Amino acid sequence: MHDLKAVSSLFDLRGDFVQGYSYGSGHINDTYCVWVDQAGLRIRYILQRVNHNVFRQPIPLMENVKRVTDHALKRLKEENCPEAYRRTLTLVPAVDGKPYALDADGNCWRVYPFIERARTYDQIETTKQCVEAARAFGDFQKLTADLPGEPLFETIPNFHNTTSRLAALKDAIQADPLGRVKEVQKEIDWYLSREADCHLVVDYLKSGELPLRCTHNDTKLNNVMLDDVTGEGICVIDLDTTMPGSAIYDFGDMIRTATSPAAEDEKDISKVTMRMFMFEALVQGYVSSAKSFLTPLEKSLLPFSGKLLTMECGIRFLTDYLSGDVYFKIHRPEHNLDRCRTQMALVESIEAQMDEMKAVVDRY
Ligand code: ADP
Ligand code: MG
Ligand code: MG
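Along every chain, residues carry numbers that run from 1 in the direction the sequence is written. Each chain gets a letter, beginning with A, and each ligand a number, beginning with 1, in the order they are written. With the structure being a predicted model, the display of local features is reserved for residues of pLDDT at least 70 and the display and counting of side-chain atom pairs for 80 or more, all residues being used for whole-chain, interface and lining totals. To obtain the side-chain values, all non-hydrogen atoms of the structure were included, while hydrogens and water were left out.

A. Examining the sheet that holds strand S6 (residues 118-119) more closely. One requirement defines pairing of two strands: DSSP has to find at least two bridges between them. Elements are defined by DSSP. Helices are runs of H or I of four residues or more, strands are runs of E of two residues or more, and each kind is numbered from the N terminus. The strand order across the open sheet formed by three strands is S6-S8-S9, and the pairing between neighbours is antiparallel. Each edge of the open sheet is held by one strand with a lone partner, namely S6 and strand S9 (233-236). Pairing analysis gives two bridges linking S6 to strand S8 (residues 224-227), with the strands arranged antiparallel. Counted as the bridge partner of Ala118 is Asp227 from S8.

B. Region of interest: the site of ligand 1. Whether a residue is near a molecule or strand depends on its heavy atoms: it is near if one of them lies within 4 Å of it. By nearness alone, 19 residues border ligand 1, and Asn29, Gln48, Ile115, Thr120 and Asp238 come closest of all. For this analysis, a polar contact is any N or O atom pair within 3.5 Å, provided that within protein one partner can donate a hydrogen and the other can accept it, and provided that sequence-adjacent residues contribute only side-chain to side-chain pairs. Between ligand 1 and Ile28, the relevant distance is 3.0 Å, taken from an oxygen atom to a main-chain nitrogen or oxygen of the residue. In this structure, an oxygen atom belonging to ligand 1 sits 2.9 Å away from a side-chain N or O atom of Gln48. Using a 1.4 Å probe, the Shrake-Rupley method yields the accessible areas, and only the shown protein chains count as cover for residues. Within the complex, the protein chains bury 94% of what would otherwise be the 550 Å² of accessible surface of ligand 1.

C. Expanded view of the coordination of the magnesium ion (ligand 2). Here the magnesium ion (ligand 2) is held by the protein donor atoms Asn223 (OD1) and Asp238 (OD), which lie 2.2 Å from it. Accessibility expressed as a relative area gives 4% for Asn223, which makes it buried. Counted as coordinating are nitrogen, oxygen and sulfur atoms within 2.8 Å of the metal, or 3.2 Å for Na, K and Ca, while water is not included, which may make sites look incomplete. Exposure is judged per residue with a 1.4 Å probe applied to protein chains only, and the accessible area is read against the type maximum: over 50% gives exposed, under 20% gives buried, and values in between give partly exposed.

D. Representation of the pairing of strand S3 (residues 41-49). The pairing of strand S2 (residues 30-38) with S3 spans nine bridges and is antiparallel. Residue pairing in the sheet places Asp30 in a bridge with Arg49 of S3. Linkage of S2 to S3, two consecutive antiparallel strands, is achieved through a turn of two residues, within which Ala39 is found at a positive phi near 50°.

E. Spotlight on the packing of aromatic side chains. In this analysis, rings of Phe, Tyr and Trp, with Trp reduced to its six-membered ring, are considered paired at centre separations within 6.5 Å, and the interplanar angle assigns stacked below 30 degrees, edge-to-face beyond 60, and tilted for intermediate values. For the structure on display, the rule yields seven aromatic pairs. Centre to centre, the rings of Trp190 and Tyr191 are 4.7 Å apart; their planes meet at 75°, and the pair counts as edge-to-face. As far as the burial class goes, Trp190 and Tyr191 line up, both buried. Ring geometry for Tyr327 versus Phe328: centroids 4.9 Å apart, planes at 85°, classification edge-to-face. An aromatic cluster is defined as three or more aromatic residues linked by ring pairs; in this entry it consists of Phe251, Phe279 and Tyr286. In this structure, Arg119 packs its charged tip against the face of Tyr121, placed 4.1 Å from the ring centre. Cation over ring: Arg180 sits above Tyr321, and NZ or CZ is 4.2 Å from the ring centre. Ring-over charges, as used throughout, are those where CZ of Arg or NZ of Lys falls within 6 Å of the ring centre and within 35 degrees of the ring normal.

F. Geometry of the UniProt feature "domain: Aminoglycoside phosphotransferase" (unreviewed entry) in the protein. UniProt positions are given in the numbering used here, feature names are shortened, and annotations may be inferred rather than shown by experiment. As annotated by UniProt and renumbered to match this structure, "domain: Aminoglycoside phosphotransferase" (unreviewed entry) occupies residues 24-261. Its end C-alpha atoms 22 Å apart, residues 24-261 is made of 38% helix and 18% strand.

G. Representation of empty space enclosed by the protein in the model. Put plainly, a pocket is an open set of points on a 1 Å grid over the protein atoms alone with protein on both sides within 12 Å along at least five of seven lines, a cavity is a set where a 1.4 Å probe fits but cannot get out, and a lining residue has an atom within 4 Å of a point. Grid points are joined across faces, edges and corners, and a volume is the space filled by probe spheres set on the points. Taken as a whole and judged by the stated rule, the model has one cavity of 30 Å³ or more. Empty space within the largest cavity amounts to approximately 40 Å³. Residue lining of the largest cavity: Ile124, Ala133, Phe137, Thr219, Lys220, Leu221, Met254, Thr257, Ala258 and Leu282, and that is the complete set. Elements supplying a minimum of two residues to the lining of the largest cavity: helix H4 (127-144) and helix H8 (247-258).

H. Structural detail: the domain arrangement of the protein. An automatic or database domain assignment supplies the start and end points of every domain. Domain boundaries in the protein define domain 1 (4-116) and domain 2 (127-363). Once two parts are brought into contact, the accessible area they lose, counted with a 1.4 Å probe and summed over both, makes up the buried area. Taken together, the two surfaces of domain 1 and domain 2 that pack against each other cover about 2,200 Å², and 60% of this comes from carbon and sulfur. By salt bridge we mean one thing: a side-chain nitrogen of Lys or Arg within 4 Å of a carboxyl oxygen of Asp or Glu. Counting across the interface, domain 1 meets domain 2 through four salt bridges. A salt bridge links Arg86 to Asp227; the nearest nitrogen and oxygen atoms lie 2.9 Å apart. Listed by contribution, the elements that provide at least two residues to the side of domain 1 that touches domain 2 are helix H2 (58-78) and helix H3 (84-87).

I. Region of interest: the packing of H2 against H4. Angular values range over 0 to 180 degrees, each being the angle between N-to-C directions of two axes fitted as lines to C-alpha atoms, with helices fitted over their stretch in contact. Put simply, H2 and H4 touch, their axes get as near as 9 Å, and they point 95° apart. Of the possible angle classes, the one that applies to H2 and H4 is roughly perpendicular. Note on element contacts: H4 touches H2 through Phe140, Leu143 and Thr144, opposite Val68, His71, Ala72, Arg75 and Leu76. Gly is placed with the polar residues, together with every amino acid not listed as nonpolar (Ala, Val, Leu, Ile, Met, Phe, Trp, Tyr, Cys and Pro) or charged (Asp, Glu, Lys and Arg). The class makeup of the residues in the contact of H2 with H4 is five nonpolar, two polar and one charged. Throughout this description, any angle smaller than 35 degrees is read as roughly parallel, any larger than 145 degrees as roughly antiparallel, any in the 65 to 115 degree range as roughly perpendicular, and the remainder as oblique. Here, two residues are considered to be in contact whenever any of their heavy atoms come within 4.5 Å of each other.

J. Spatial organisation of the sheet that holds strand S4 (residues 101-102). The strand order across the open sheet formed by five strands is S1-S2-S3-S5-S4, and the pairing between neighbours is antiparallel. Across the chains shown, the open sheet's two edge strands, defined by having one partner strand only, are strand S1 (16-22) and S4. Sitting on the sheet, H2 touches S4 and strand S5 (108-113), and the angle it makes with S5 is about 20°.

K. Quick peek at the nonpolar core. Put simply, a nonpolar core is a bunch of buried Ala, Val, Leu, Ile, Met, Phe, Trp, Tyr and Cys residues held in one set by side-chain atoms that sit within 4.5 Å of each other. Residues Tyr191, Phe251, Phe279, Tyr286 and Leu318 are the most contacted members of the largest nonpolar core, which totals 97 residues. Ranked by residues supplied to this core, first place goes to helix H11 (residues 302-323) with eleven residues. Discounting residues that sit within four places of it in the chain, Phe279 has contacts with Phe251, Ile255, Thr259, Met274, Pro303, Met357, Val360 and Val361.

L. Fine view of the side chain of Thr88. Mapping Thr88 onto the fold places it in the loop between H3 and S4. Here Thr88 falls in the buried class, since its relative accessible area comes to 7%.

Written out as structure tokens, the structure reads:
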């Protein structure tokens, strides 16, 4: 356990540390809630340690977060948004003025004001949540669309590069360190038979037919704060993977994570299905905010994006299974294989409904 009082003292919190404890259900960073007494008033903050095993270069990452949040705040103020500080994360500076602080062990820490009267959800319960989350991610892309200066730093290089994800799968098949290839030939053939799909978006980005945008790249419902009272999506959080990418990646991951009622590691794959009403809710929310910038090609690829991102994730699970479960945490021997199979089932469900999905997009 880290000394939260000592870490907090590295930041300009304008008051006395009262208490701190682990907070939320994030899987990547260490997240804490810290209460501070400011002249008799108790205020809480989010204190986070950046996971430097996942994000190898925390300082350029923090510079991304600083640029994106400063820009978003500026835009919101220009639009006279009455609660600009609730609509974007903002960084509390360290006492030396930097947007982060390093502790003696080399950990990189940051502090955000706590966004009150709102929360994230781990499980999607309603179509309204889908509409609101998708709208919020669209708003985020809109806010960052005209970010000035250099492109953002790539915090995880080739994160959504499905061409290199597929190449990594082929490498793992070649290496086959645990002799697992023979058990999963069916799954391998299934993914390899969809090779052309893996290259499509990467090629469009290369040729310039698809624009490179500033995208979030981790568009799960638990990365959006929904207002406690109105249910409105008010603020996108978890900006570690915000970097250059395609709008297709953000929307595709929403389809992957929001439309199926089954867990990612469900063993009974008959439960895995792309629910059209959830897809429609995502389209409704996303298009309402993204219509001002989406190109016709991006819009036409929205149904396919779900297939692409689900395939990408499945490829990663299969690669990890073949490599001996070195990347994703597993809780049972065939955990990664189960995950790989749910992604296949979801892709098949999307493929079967592709025409109807296109018709839904055409209606918005
Ligand atoms: P991870 O990358 O580990 O998922 P997140 O940045 O998503 O970390 O934070 C984990 C959880 O902490 C979120 O799901 C959310 O519930 C909570 N959280 C993060 N930032 C804030 C904030 N500014 N205000 C309130 N809650 C927050
Ligand atoms: Mg998160
Ligand atoms: Mg995260």
